[in-house]
Amino acid sequence: MPLSLQSPPSPAILSASIPGRWKTAGFSLDSPPPAVNFSTIRRSIPRIHASASSSSSSSPSSQSLGAGESNELDAVSAFSEIVPDTVVFDDFERFPPTAATVSSALLLGICGLPDTIFRNAVDMALADSTCAGLDTTESKLSCFFDKAIVNVGGDLVKLVPGRVSTEVDARLAYDTNAIIRKVHDLLRLYNEIDVPHDRLLFKIPATWQGIEAAKLLESEGIQTHLTFVYSFAQAAAAAQAGASVIQIFVGRLRDWARNHSGDAEIETAVKSGEDPGPALVRRSYNYIHKYGYKSKLMAAAVRNKQDLFSLLGVDYVIAPLKVLQSLKDSPAIPDDEKYSFVRKLSPETATHYNFTNKELVKWDQLSLASAMGPASVELLSAGVEGYANQAKRVEEFFGKIWPPPNV
C-alpha cells in the first residue's frame, strides 16, 4: 500500500526473529479469515511506493523494465508494493514484514502456540481485573477479546516499522454505531499502552454500515481499512467515504464466476474478454485516481503471475509465497513474450477512463444495495460470517481456559 503502512504501510506479522514455527499458512486470502493481513516486504523484496506523486508525471509506456532489475520480483516491485500472503513464521526471513494485521484468526493461532512471544499478550489480557470484574460472562469474554487483540497489536507495533491493522469484530458489521463504539474502545485500549494513532488501521467489512462507519471514523482522523469488496459500487462508496485502504479479492471473484451466473457486472467483464477480478481492480483504481480520492487500493487473492502482471501499478498486491518465489527465481527479460514489465495502471491513464452516469452517483444505502449483484452479496456475506465465526471461537476458547493460573 503506499499506504505505506509506514507513513502509512500495510499489515503482515512478526519478524524473522520470532521463536517457534507456524506450520500452516493462515493468511490465505482465499481461505477463511486471515490471521495476518498485508505486509510490505523489505530486503528480499524492495519496498516501492506506487503512489500518484511518484507516477503521475511519467507516461505508462515509459515505465517499463529498468536496467537494475535482475529478477521478475525486482521488476514488478518497481510498479506496485508487493505483499506476502502468509503467516508461516519460517517465511519471514525471506519476506520480512514491515507492517501487520491482528485478527481473531491470529489470536487462535497464538493460543495454539504456547511458546510464541505473543502468548504473554493473551495471558495478560485474561488476567485483566477490569474484565474479570464485569457482571456477565458475555461482557467478560468480549472484554478479554478486546484486551487480547490490542495487546497483540501493541506487540506488533514494536516489531514492525509500519502500521498495524486491527480487525473490528465482524459480528458488528451491520451496525454503524456499534462499529464506531468498538473502534473507539479499541483506540482507548491502545492509548493505555501508548500506541500512537498514526500507527493503526481498523479493518471493517464493506457493508453499507461499515462504509458509513469508515466515513465517520476517517472524519475523526482514524484510519480505516475496508475489506470484502467485490463490486464497483462497494469500491466507489468506500472511496467516497474516504477509507484509507480498500481491499478487493481478485481470485474469489474469478472462482464465483466459474461456478455461478446471473451477475451483470461479472458478465459484462467476461463478455468484453476480461477476468472479472482484475477488471474490478482496474475500474476501481481508475475511479479513485481520476476523481482524486485519497484511498489506496489493494488487490488480494492474487493466484498467479499473470494476475500480478495484469495489475502492475495498483497500490498493493497480496501474492502467495509460491508466486513470490517464482518471481524471485525468474530472471527479468525486458522483451519477455509471456509477461510484459509495463505499468498497466497509473494516475495518468486513469484520467482517460470513461465512467457512466450510473457509476458516478453519490452512493447511498439504496443505490449500493441495488447495484450489488449476487456475487458481491454472497461473497461479502460469506466473508463477514467467516470472520464472525472466528471471533466467536476465540471467545469460546477464552471461556474454557479462564481463569488462567495465578488469577
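Look above for the structure.
No experiment lies behind these values; they were computed from the predicted model shown.

J.: Account for the layout of surface pockets, naming residues and giving values.
T.: One number sums up the size of the largest pocket: a volume of about 570 Å³. In this structure, the largest pocket is lined by 32 residues; those nearest its centre are F232, A264, E265, R283 and E359. No other element matches the six residues that helix α12 (residues 276-290) contributes to the lining of the largest pocket. For the lining of the largest pocket, the class distribution of residues is 16 nonpolar, nine polar and seven charged. Along the walls of the second largest pocket sit 22 residues, with S142, C143, D146, K182 and D185 positioned nearest its centre. Looking at the lining of the second largest pocket, the elements that each hand over two or more residues are α6 (137-159) and α7 (176-192). Counting residues per element, the lining of the second largest pocket draws most heavily on α7, which supplies eight residues.

J.: Pulling in residues and values, what's your account of empty space enclosed by the protein?
T.: Remark: the empty space left among the atoms is shown by a probe the size of a water molecule rolled over them. With the rule as written, the count across this model stands at one cavity of 30 Å³ or more. Roughly 40 Å³ of internal volume is contained in the largest cavity. Lining the largest cavity are L187, H197, L200, F202, G221, I222 and Q223. Counted by class, the lining of the largest cavity contains four nonpolar, three polar and no charged residues.

J.: Go over the packing of aromatic side chains with me, naming the residues and quoting the values.
T.: According to the stated counting rule, one finds 13 aromatic pairs in the structure shown. Ring centres of Y287 and F355 lie 5.6 Å apart, and the angle between their planes is 80 degrees; on these two criteria the pair is classed as edge-to-face. Linking Y287 in helix α12 with F355 in the loop between α15 (347-350) and α16 (365-371), this pair joins segments that are 68 residues apart in sequence. On the basis of relative accessibility, which here comes to 11%, the residue F355 falls in the buried class. Here the aromatic residues F232, Y287, Y291, Y293, Y353 and F355 are joined through ring pairs into a cluster of three or more.

J.: Would you mind going over the state of the cysteines in detail, with residue names and values included?
T.: Two cysteines, two sulfur atoms, one covalent bond between them: this is a disulfide. This model, assessed by the stated rule, comprises one disulfide. Here C131 pairs with C143 through a disulfide, and the sulfurs are 1.9 Å apart. Between C131 and C143, the S-S torsion sits near -65 degrees, and that sign places the bridge as left-handed. Residue C131 is found in helix α5 (residues 129-132), and its partner C143 is found in helix α6; the two are separated by twelve residues along the sequence. The residues C131 and C143 share a single accessibility class, namely buried.

Thresholds applied
- Residues numbered from 1 in each chain as written.
- Predicted model: local features only at pLDDT ≥ 70, side-chain atom pairs only at ≥ 80, totals over all residues.
- Heavy atoms only, no water.
- 1 Å grid on protein atoms, 1.4 Å probe; cavity = no way out; pocket = protein on both sides within 12 Å on 5 of 7 lines; lining within 4 Å.
- Points joined across faces, edges and corners; volume = space filled by probe spheres on them.
- Helix = DSSP H or I, 4+ residues; strand = E, 2+ residues; numbered from the N terminus.
- Nonpolar A, V, L, I, M, F, W, Y, C, P; charged D, E, K, R; others polar.
- Phe/Tyr/Trp six-rings, centres within 6.5 Å; stacked < 30°, edge-to-face > 60°.
- Buried < 20%, exposed > 50% of the residue type's maximum accessible area, 1.4 Å probe, protein only.
- Disulfide = S-S within 2.5 Å.

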